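Descriptive structure summary
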Amino acid sequence: MLYYLFDLLQDSHIPGSRLMTYITFRSGAALLLSLFIALVFGRKIIDRLQLMQVGEIIRDLGLEGQMQKTGTPTMGGVIIIIAILIPCLLVGDLSNIYMILMLISTVWLGSLGFCDDYIKVAKHDKEGMKGKFKIIGQVGLGLIVGLTMYLSPDITQRQVTPVTYSENNVETVMASESQDVKSTQTTIPFVKDNNFDYAYLTQWLGDYAQVGGWILFILVVIVVVAATSNGANLTDGLDGLCAGTSAIICVALAIMAYLGGNVIYSTYLNIMYIPQSSELVVFMSAFIGALIGFLWYNAYPAQVFMGDTGSLTIGGIIAVFAILIHKELLIPILCAIFFVEDLSVMLQVAYFKYTRRKYGKGQRIFKMTPLHHHYQKPGNSGIEAIIQAPLRAIPESKIVTRFWIIGIFLAVITFVTLKIR
């Protein structure tokens, strides 16, 4: 709203009327607004949830301090969603296709997660919504994003080639002439020019190779959205773990979006330029502010849990954002914590079923999954020779802090891989 108001005032010569034309100013404003909303209104929302007796149902799994969390308000993801939407509506360009897709993704997955939490709270059903309905919702969002990127004329990319001119011993880097095109190219690490085209895998289709590339791309979008959303959901098991880890990931993605949406920086760094995508920085700034503001109340000991309303939304936002800036193939590195949490559950279930079928008694690889609970649970169980977990439980706050450190390391590694060619 404010964006359009300032746009009308640009010709009035009022001091400061052109501030909204700067991505950096609007991004900073979005971050501060979302942080303010999460901190101030977050307290009111928590109090309201307590009055409504929207408390977390805790099962006794033998984890240290676990039962003390019984009754802590859940569905706190509402704080994150509100703190994202209001700043974006105020200072965002709502005509920008990238902003529209991010807002749709936020509301879509927020609604999905809210329904899941509502079933848990209203029906006292810890399992919540059936998994197949979650998958249907995630697949639906993946189709919306993938098809929009294919059909929308506003979503293009340009591979700028730096050309160096030397004059009077001064080197100047400029972009060679190129056009905005619809393409299935994406960024991939460890490869010269960092580009990979999905259409390369469908060349056997001949004249339909490009269409085949888009179909393959849409399938990848669906997998990335579902895997990342579920990974964030599984990571949300300790106070501050999901919110803190996600904030680190989002800072890295915001930097990538800023560089890729600026023709000068993308030319200098020889990376893919994505016209109009700089608006994504405004959205991501609001998202970062919302996560930090929520972390104020969610840090150990948590005063509120985000629930599936928050975790499904967070993972989906990260996935869709990475897809829009064509960095989805970097997610396995940047979001490795999410995927390791996913993988730990799948390995545990598969190994338990295999050993039960073969030996008549199921065995476990980890003490407990998702992985963060493995380090939290005391005792000696699982394949200790492989995992080497201590007999004593590690304090929850220490586990969270160490995961944050790993997240920072992964973010740095993600940037480094783009220069190792």
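These notes cover the structure that comes with them. (Residues numbered from 1 in each chain as written. Predicted model: local features only at pLDDT ≥ 70, side-chain atom pairs only at ≥ 80, totals over all residues. Heavy atoms only, no water.)

Observations regarding the packing of aromatic side chains
Our working definition: When two rings of Phe, Tyr or Trp (its six-membered ring) have centres within 6.5 Å they constitute a pair, described as stacked for plane angles under 30 degrees, edge-to-face for angles over 60, and tilted for the intermediate range. When accessible area is computed with a 1.4 Å probe and restricted to protein chains, residues below 20% of their type maximum are described as buried, those above 50% as exposed, and intermediate ones as partly exposed.
Scanning the entire structure with this criterion turns up six aromatic pairs. Pairing Phe196 with Tyr200 gives two aromatic rings, centres 6.2 Å apart and planes at 80°, and the pair type is edge-to-face. By relative accessible area, Tyr200 is classed as partly exposed at 47%. Members of the aromatic cluster, each reached through a chain of ring pairs, are Tyr150, Phe196, Tyr198, Tyr200, Trp214 and Phe217.

Things to note about the nonpolar core
What counts, and what does not: For the purposes of this section, nonpolar cores are sets of buried Ala, Val, Leu, Ile, Met, Phe, Trp, Tyr and Cys residues that join through side-chain atoms within 4.5 Å. Strands here mean DSSP runs of E at least two residues long; helices mean DSSP runs of H or I at least four residues long; both are numbered from the N terminus. Any two residues having at least one pair of non-hydrogen atoms within 4.5 Å are treated as being in contact.
Ranked by internal contacts, the top residues of the largest apolar core, which has 84 residues, are Ile80, Leu253, Phe283, Phe287, Ile318 and Leu324. No other element matches helix α9 (residues 279-298), which puts 13 residues into this core. Here Leu253 is in contact with Met284, Ile318, Phe321, Ala322, Ile325 and Leu334, once residues within four sequence places are set aside. Ala336, Ile337, Ile399 and Leu410 belong to the second largest nonpolar core, which has nine residues in total.

With respect to the environment of Leu334
Relative to the helices and strands, Leu334 is located in helix α11 (residues 331-334). Owing to a relative accessible area of 4%, Leu334 belongs among the buried residues under this scheme. Note: C-alpha distance between Leu334 and Gly407 (73 residues apart in sequence) is 7.6 Å. Aside from chain neighbours lying at most four places away, what touches Leu334 is Ile249, Ala252, Leu253, Leu410, Ala411 and Thr414.

Quick look at the state of the cysteines
Rules: Disulfides are defined in this document as cysteine sulfur pairs within 2.5 Å.
Here the structure, examined in full by the defined rule, presents zero disulfides. No disulfide involves Cys250; its sulfur sits 8.4 Å from that of Cys335, the nearest cysteine.

A few points about the packing of helix α7 (residues 241-260) against helix α15 (residues 396-417)
So the rule is basically this: Think of each axis as a best-fit line through the C-alpha atoms, taken over the contacting stretch in the case of a helix, with angles from 0 to 180 degrees between the N-to-C directions. Relative orientations are named as follows: roughly parallel for angles under 35 degrees, roughly antiparallel for angles over 145 degrees, roughly perpendicular for angles from 65 to 115 degrees, and oblique for any other angle. Crossings are sorted by hand: turned counterclockwise from the far helix by less than a right angle, the near helix makes the crossing left-handed, and turned clockwise it makes it right-handed. Each residue receives one of three labels: charged for Asp, Glu, Lys and Arg, nonpolar for Ala, Val, Leu, Ile, Met, Phe, Trp, Tyr, Cys and Pro, and polar for the others, Gly being one of them.
Relative to each other, α7 and α15 sit at 15°, their axes nearing to 9 Å. In terms of their interaxial angle, α7 and α15 are classed as roughly parallel. Relative to α15, α7 is oriented so that their crossing is right-handed. Across the interface between the two elements, Leu241, Gly244, Thr245, Ile248, Ala252, Ile255 and Met256 of α7 pack against Val400, Phe403, Trp404, Gly407, Ile408, Ala411, Thr414 and Phe415 of α15. Split by residue class, the contact of α7 with α15 holds 11 nonpolar, four polar and no charged.

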